[in-house]
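Structural overview
Letter by letter, the chains look like this.
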Amino acid sequence: MQRWLPWLAPLLVALAVRLLVWSILPYHLPNLVPISDEGEYRAAAIWLANGRNFSFFRDWIWTRPPLYILFLALQIKLFGPLNLVPLRLSQALLSTVTVGLVMAWARRLAPPASARSVALLTGWMMALCYSLASFSYFVLSETLFMTLLFGALLTLTIWAQAGGWRWLIIAGLLLGLGSLTRAVLAGTLPLIALWVCWIAQRCVAVPQLRQRLIRAVVVPVVLTLVVSAVILPWSIYNTRFFGAKYLILIDTTGGYNAWYGAIRNQDYVHARLIAIPDQSERQNFAYSAAWHVFANNPGSFALKTGHELLDLLLVNFGGVERLTRGYTIGDTPVPHLLGLLEDDLLYVLTAPLAVLGLFRWQGRAGKGLALIWLCYNLVTGPLFFAINRFRLPLLPVLFVYAACGVVQWRAAWKSRMRHTLATLVGGGLGLFLLASLIWDSPPSALNSCTGNVCAITRSIQTRSVATECERAWQVLWQGKVDEAQAIVDRGVARQALPCFALVQARIDQRRGAIEQALGLLHISADEGASVSNARVLMLEGDILRAQGKMTEARERWVPRQVDQPNDLDWAWRYLEPPPTTRIEVGHGLDLGLIDGFGRREHPDDHDPFGSGYRWTEPVAHLKWPQAGTGKSQMLRMEVNGYRPPGEAPTVVTIIQGKVELARKQVPSGWTEVRVTLPPTPAGQDVIVQLDSSFFVPSPGDAPSDQPLRMRGVEMRLAELVNEQG
């Protein structure tokens, strides 16, 4: 056991860290779910699990590689579309397997005398890398892709060092599956085939030149045939399924990324491409348009590409995958911020060391694979556009050669020139990355704070102050106005967060200074801060509603800056609606009375003040403040159970407390549903939960930035009436 413990320890720690992030990541924030491509992957997988094949992409701007969607759809089929625990557990295990694969790869790449040390050091860096751990939590393809990628690189390295057709065939299978997970790998396949050809002709076990040349042809052909046997069936099926004029090899995201990266105008690119019905022609048109941009202005394109390369290399605090959208208002938990800081420091430390390790001579076949993967991404990535997650599959390569750089630190160099060049490149990169860690341009959203260290430090301080603000809310709800005021005064002296303006306005309202409260909120509104500004407007409307000024309140709540974030969870917790027995859902005055609903919709898009409706999510809540009478009441709802053709009928379950009161099948078209509610003590709030079966609409019927919309039932009215009403 003692022999295996050093190897098991990084794996056990890796699994523990990946499970620990479940309690760290700030996924409770409504504006952070889903992130990046999560919504699209889940929606496509739900369609596939429901027997609708890959038709989700018929009305979408591109098609996606199939393997991760299949992986996700299988778990949806087994555990349901709302239960993400099995997926996250399986990805945590896959990520831990990747740690083991990279450790084994490092042992094969390092000099034999120091292979154990390099492998263990690499394993600990992999285990403790926060970004690798956090991505195992997200519904994104990176975790599965990296397992397949580094499995392929490991088996190819074993083949190069020990021979054996089985290792070559396994590598081909893994390369094909990896390409069907993320198509970026397919671009490296010709380069990998050339590397295999080079290794094959250098085989010392085959002494005759003629036999070596034959082997140099046969081996890459075999690898190509194995990879093709995995990819081409999907290519043929995919092309026929979408009725494309030309072959769709894996997906059609590349053309969009190339054109969007060239002009950075998402709405324009989307509008032009969606008008082309054929997915393959759409891809070809996008590539042509991107080439046109380059041909007409190569200097500008080169400048843009250089900027993208910097973004790929630099330490960047922002990015939706880092979940930093709520850091300026103190919504981001401190453990997550510390994880980001650890991740950045690890990258800044390992990247220069990796340069030294790459310049070193390890004397073992396999480094060419690492260089192919690194260089391909560094060249092609900036041609499209660079985001933080594109760097993730490169980190294990950096860790392997950073470990080599550390272990070989005192070893003699092959030549003085190599030593000098490695020192210049590695030292320059280190200073460059260190500068980007400390200083960043343009400044971040945290006032004049620049650089990741400053931004994260200020974010931690902001979180601490925001915790005091939350305590002020709790004290105020207990009726201790003066104590709440003291907490606000101390907090503002440390950092004037928007949250304090909200609490101060509520304190002023409690003291009867209504105009003072409204004036404070008015000057606190910030057009550039969508989340905080929406909350300011919601609280302003809430105070106006309490004064009986319904028209003015509705004017605060209907505009896009409130409707777009759709922060119903915050409104449910912090607004104080007056007593009512009637909720006109979607009319514009429903904030604080509903939770778990989609954005307000209205038949006339040109009249935002017209009557509307909302879709429920799978779980929704309704609240009638102080509506309890001590007697049974009738809940009357006007709902529409619309479903697309082929979908199962809508079923809504009405729950109060933990008691299921009724289960109703709701037909398509507006209809009335009545349910008798048990008595609620007089003067107490009446709260009802609605659990709905749901469907996912086509991406053409959803915002371009969030294709996943789980729709339950449409609702425009929910009211309490007496039994005879």
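In this report, the structure presented in the accompanying data block is examined.

Thresholds applied
Residues numbered from 1 in each chain as written. Predicted model: local features only at pLDDT ≥ 70, side-chain atom pairs only at ≥ 80, totals over all residues. Heavy atoms only, no water. Helix = DSSP H or I, 4+ residues; strand = E, 2+ residues; numbered from the N terminus. Expected span 1.5 Å × (residues − 1). Buried < 20%, exposed > 50% of the residue type's maximum accessible area, 1.4 Å probe, protein only. Arc of directions from axis to C-beta. Contact = heavy atoms within 4.5 Å. Axes fitted to C-alpha atoms, helices over the stretch in contact; angles between N-to-C directions. Parallel < 35°, antiparallel > 145°, perpendicular 65-115°, else oblique. Left-handed = near helix turned anticlockwise from the far one by under 90°. Pairing = 2+ DSSP bridges. 1 Å grid on protein atoms, 1.4 Å probe; cavity = no way out; pocket = protein on both sides within 12 Å on 5 of 7 lines; lining within 4 Å. Points joined across faces, edges and corners; volume = space filled by probe spheres on them. Nonpolar A, V, L, I, M, F, W, Y, C, P; charged D, E, K, R; others polar.

Our focus in this paragraph is helix α14 (residues 298-313). For α14, spanning 16 residues, the distance from its first C-alpha to its last is 22 Å, which sits close to the expected 22 Å at 1.5 Å a residue. Considered for burial, the residues of α14 that qualify are Phe301, Lys304, Thr305, Glu308 and Leu312. Along the long axis of α14, the arc covered by the buried residues comes to 100 degrees, so they all point the same way. Structurally, α14 contributes buried residues whose contacts are with α11 (253-263), α13 (279-296), α15 (334-359) and α16 (367-384).

All right, on to the packing of helix α2 (residues 38-49) against helix α3 (residues 67-79) then. Relative orientation and spacing of two packed helices are given, respectively, by the angle between their axes and the distance between those axes. One can describe the packing of α2 onto α3 by two numbers: an axis separation of 8 Å at closest approach and a directional angle of 60 degrees. Comparing their axes, α3 and α2 come out oblique. Here the hand of the crossing between α2 and α3 comes out right-handed. Between α2 and α3, the residues in contact are Tyr41, Arg42, Ala44, Ala45, Ile46, Leu48 and Ala49 and Tyr68, Ile69, Leu70, Leu72, Ala73, Ile76 and Lys77, respectively.

Here we take up the pairing of strand β4 (residues 633-640). The buried fraction of β4 is high, at eight of eight residues. Burial of the side chains of β4 extends over both faces: Gln633, Leu635, Met637 and Val639 are buried on one face and Met634, Arg636, Glu638 and Asn640 on the other. Relative to strand β7 (residues 670-677), β4 runs antiparallel, the two being bridged by eight bridges. Within the sheet, the bridge partner assigned to Asn640 lies in β7 and is Trp670. Summarising the sheet, β4 and strand β9 (residues 714-721) pair through seven bridges and their orientation is antiparallel. Paired with Asn640 across the strands is Glu714, a residue of β9.

With that settled, the discussion passes to empty space enclosed by the protein. Under the counting rule described, the total for this entry stands at seven cavities of 30 Å³ or more. Estimates place the volume of the largest cavity at around 230 Å³. Around the largest cavity sit 20 residues that line it, and Ser131, Arg322, Asp343, Arg391 and Leu392 are the ones nearest its centre. Contributing elements (two or more residues each) for the lining of the largest cavity: α6 (130-135), α15 and α17 (395-407). Here the element with the most residues in the lining of the largest cavity is α15; it accounts for six residues. A breakdown of the residues in the lining of the largest cavity according to their chemical character gives 10 nonpolar, four polar and six charged.

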